[in-house]
Amino acid sequence: MKKTISCLLAAVIFSVALGCCGTRTDNIDDQNSGEVTGDATNSDNTDGASDEDSVNEGEGETSMNKEPDRNIKVSLEEHSVFNDTNEDGYGEFQGFGTSLCWWANRLGYSEKLTDAAAKAFFNKDEGLGMCIGRYNVGGGDNVAEDGKVFTAENVDIDVPHKTHIKRSDSVVPGYAVDVTKIDTSEHDISYYEENFDRAFEDCGYAWNYNWDADVNQMNVLKAALREAGDEFIAEAFSNSPPYFMTVSGCTSGGFNPSEDNLREDSIEAFGAYMADVIEHWKNEGVVTFQSVSPMNEPTTSYWECYSPKQEGCHISSGDMQSEVLVALKDELDEKGIDIIISGTDETSIDSAIQAYNALSDDAKSVVSRIDTHSYTGSERKQLRKLAESEGKNLWMSEVDGDFVAGKNAGEMASGLGLSKWLKTDINELLPAAWILWDAVDVHIDETNPYDWHTRDHCFGDLDLEGGNSLWGIAIGDHNEEELILTKKYYALGQYTRYIRPGFCILAGDNFTVCAYDPKDKKLVIVATSNANKDERWEFELTGFKSTGVNVTAIRTSGTLADGENWADVTGDAAISVNSENMSFSADIKSQSITTFIVDGVD
């Protein structure tokens, strides 16, 4: 089915003009029914409202006097302790972010798309203000259109296998070139060491580096650094070692996806490969990676050779994962590189607990931070307690999905769905960072067989206006070199633009995410309503000593074209502050996300 392109999506195309591995989804049944009300605005300022401000006559005045539909208690009693750099007892949030995999590889060829995406995602004034980018160090495969298809019994790593990935974005190039099998019957090992950038006799291969191999992703990383400025944090991570270090000879996985695909004899070589990439870009003055995670969802059985999707590598918990972490640490130490090593980026919260507990003592001493994905599993609070007891930092380092929430919520369904997932992660993990997976997962390109060829076709299939969702928060239109922002993008911005690095995450409830800035005495409350009717909520701040009277409200609701996208609704939310009772109340629009910024909170 095709749809005519609507002005709704066309109105939010984010192009250069503005500058002139998870599978879970969630559906939510909501509490109430009713009508959506309220005028659409799209401005964003921070004048604030106080108990001394005048209120609107009529409906606003009535709503201020009614009993609240919901009482929200906000307290400092339970808060994050992760990344407490000044040791004041309050953990310091490091920021929101996104993996650069795979959208940066796909967009980075185009200066227009690169600049538009960097501004939309990383600029804190005009965009989301993300400040973390996870750079994917590609393994690089050995493929050819006329390549062979091997079995476990007859695999030959040195012979190209058939091209197999059927996505336009996920063929991430590796840096290793001129890969040569070491034959000490022909040349002494010193020959390979002198004539190649790297040679490992145990691994059995020597290779050179092509530092221009990953130019697309690197273009985006540089642009992200520019837009985010000093707040930017870069993490390097790997989905798979290079093909010649694997059992199958394929960076998508093994013949048996439940068995290790990193060869035992190549653990040291893999550590050297990762360390060499980190060292090179630091020495070039491009980026100093703050952290490195050498494995991605390693204990799952997703990663099978000749997969049509992506790179991946099974690495068993326990001895193998421990050896990888220690080998990487040794290679980095040899280079004098001071960097955080994180692990183990399991797809499941529960698996993250098991994998960490299975590490050797040496490996645990190497890991400074636990990175986890939250696609599956439920033991978030248990993982938090484990990280706290072990003295490790904690990041939620990857998740996304075609989440939806709200009955008949239309375009807001995707934003409400993402908000529900984010609320659960933040409130139960209290992590120092929350990072989205592939920010641009949908592409339109009439020249690529794996993409939608037209906007009509793409929008018709997705049917976001009908309440469906998508992976990612934006769409890359390569025909027009334009970035199309979705309602899910604006929903995420209700968090990323206002909960900033240095804030302390507070434990919220099923409806809110809260963060406190102890430096500027500012409290941020992000409130999500899936209800089908407008409500009046009261926020009790009795867990604090005092509160100011200025409260600002920013809201996203409705459709892209006619709804609110980061709209300042301070004057429309009938905000009433009661300083004596340490509380304020406000109108909460149906199926909306509202961010309240409260000044003077101590």
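Here's what I pulled together on the structure shown here.

**Looking at the overall build of the protein**
Each helix and strand in the protein was counted, giving 14 helices and 27 strands. Within the protein, the proportion of its 602 residues that are buried is 60%. When the accessible area of the protein is evaluated, it comes to approximately 22,700 Å², of which 42% is carbon and sulfur surface.

**Let's talk about the sheet that holds strand 15 (residues 433-436)**
With parallel pairing, eight strands are arranged side by side around a closed barrel as 3-4-10-11-12-13-14-15. Mean inter-strand twist for the sheet, computed between neighbouring axes without regard to direction, equals 25 degrees. In this structure, strand 10 (residues 233-237) lies alongside strand 11 (residues 291-293), joined through three bridges in parallel fashion. Bridge pairing links A236 to V292 in strand 11.

**Re helix 9 (residues 349-358)**
Quick reminder: α-helices carry 3.6 residues per turn. Residues three or four places apart thus point the same way. Among the residues of helix 9, I349, A352, I353, A355 and Y356 are the ones counted as buried. Among the structural elements, helix 8 (319-335), strand 12 (340-348), helix 10 (361-366), strand 13 (367-376), helix 11 (380-390) and helix 12 (412-429) are those in contact with the buried residues of helix 9. For helix 9, the N-terminal cap is S348; the gap from its side-chain oxygen to the backbone nitrogen of D350 is 3.1 Å.

**Describing unusual backbone geometry**
Cis geometry marks the peptide bond from C101 to W102, where omega comes out at 5 degrees. Within the secondary structure layout, W102 lies in the loop between strand 3 (95-99) and helix 3 (103-107). At L430, a position not held by glycine, the phi torsion is positive, near 50 degrees. Mapped onto the fold, L430 is located in the loop between helix 12 and strand 15. For L430, a relative accessible area of 0% gives the class buried. Even without being glycine, Q591 reaches a positive phi, approximately 45 degrees. Mapped onto the elements of the fold, Q591 is located in the loop between strand 26 (583-588) and strand 27 (592-599). Residue Q591 is classed as buried on the basis of its relative accessible area of 5%.

**Section: the nonpolar core**
Among the nonpolar cores identified, the biggest contains 130 residues, and W103, F121, F289, W434, L483 and I499 are the most heavily contacted of them. Considering each element in turn, this core owes the most residues, 10 residues, to helix 7 (residues 267-283).

**Section: the packing of helix 9 against helix 11**
With their axes 8 Å apart at the nearest point, helix 9 and helix 11 run at an angle of 30 degrees to one another. As judged from the angle between their axes, helix 9 and helix 11 are roughly parallel. As helix 9 runs across helix 11, the sense of the crossing is left-handed. Where helix 9 approaches helix 11, its residues I349, A352, I353, Y356 and N357 are matched on the opposing element by R380, Q382, L383, L386 and E390. Residues that form the contact of helix 9 with helix 11 fall into these classes: six nonpolar, two polar and two charged.

**What to know about the pattern of salt bridges**
Inspection of every chain in the model, using the stated rule, returns 33 salt bridges. Here D158 ties to K181 by a salt bridge, and the two come within 3.8 Å at their closest N and O atoms. Within this pair, whereas D158 is found in the loop between strand 5 (143-144) and strand 6 (161-162), its partner K181 is found in strand 7 (residues 176-181), the two being separated by 23 residues in sequence. The partner of R536 in a salt bridge is D587, and the shortest N-O contact between them spans 2.8 Å. Residue R536 is located in strand 22 (residues 535-540), and its partner D587 is located in strand 26; the two are separated by 51 residues in the primary sequence. In this structure, R536 and D587 share a single accessibility class: buried. Connected through salt bridges with shared partners, the residues R134, E235, D345, R369 and D371 form a single ionic network.

**Focus: the sheet that holds strand 24 (residues 564-568)**
Here six strands make up an open sheet; going across it, the order is 19-20-21-27-23-24 and the pairing antiparallel. The outermost strands of the open sheet, each flanked by one partner alone, are strand 19 (504-506) and strand 24. Across the sheet, the mean angle from the axis of one strand to that of its neighbour is 20 degrees, orientation sign disregarded. Where strand 20 (residues 512-517) lies against strand 21 (residues 522-529), six bridges are found, and the strand directions are antiparallel. Following the sheet pairing, D517 is matched in strand 21 by K522.

**Topic: the packing of helix 4 (residues 111-122) against helix 6 (residues 215-228)**
Between helix 4 and helix 6, the least distance of the axes is 9 Å, while the angle of their chain directions is 45 degrees. In terms of their interaxial angle, helix 4 and helix 6 are classed as oblique. Like other packed secondary-structure pairs, helix 4 and helix 6 cross with a definite hand, here right-handed. For the pair helix 4 and helix 6, the contacting residues are T114, D115, A118, K119 and F122 in the first and N219, V220, A223, A224, R226, E227 and A228 in the second. Looking at the contact of helix 4 with helix 6, its residues break down into six nonpolar, two polar and four charged.

Parameters and conventions
- Residues numbered from 1 in each chain as written.
- Predicted model: local features only at pLDDT ≥ 70, side-chain atom pairs only at ≥ 80, totals over all residues.
- Heavy atoms only, no water.
- Helix = DSSP H or I, 4+ residues; strand = E, 2+ residues; numbered from the N terminus.
- Buried < 20%, exposed > 50% of the residue type's maximum accessible area, 1.4 Å probe, protein only.
- Areas by Shrake-Rupley, 256 points an atom, 1.4 Å probe, with all protein chains shown as cover.
- Pairing = 2+ DSSP bridges.
- Axes fitted to C-alpha atoms, helices over the stretch in contact; angles between N-to-C directions.
- Contact = heavy atoms within 4.5 Å.
- Polar contact = N/O pair within 3.5 Å; in protein donor to acceptor, adjacent residues only side chain to side chain.
- Core = buried A, V, L, I, M, F, W, Y, C linked by side-chain atoms within 4.5 Å.
- Parallel < 35°, antiparallel > 145°, perpendicular 65-115°, else oblique.
- Left-handed = near helix turned anticlockwise from the far one by under 90°.
- Nonpolar A, V, L, I, M, F, W, Y, C, P; charged D, E, K, R; others polar.
- Salt bridge = Lys/Arg side-chain N within 4 Å of Asp/Glu carboxyl O.

Geometric descriptors of this kind do not, in isolation, establish any biological role.
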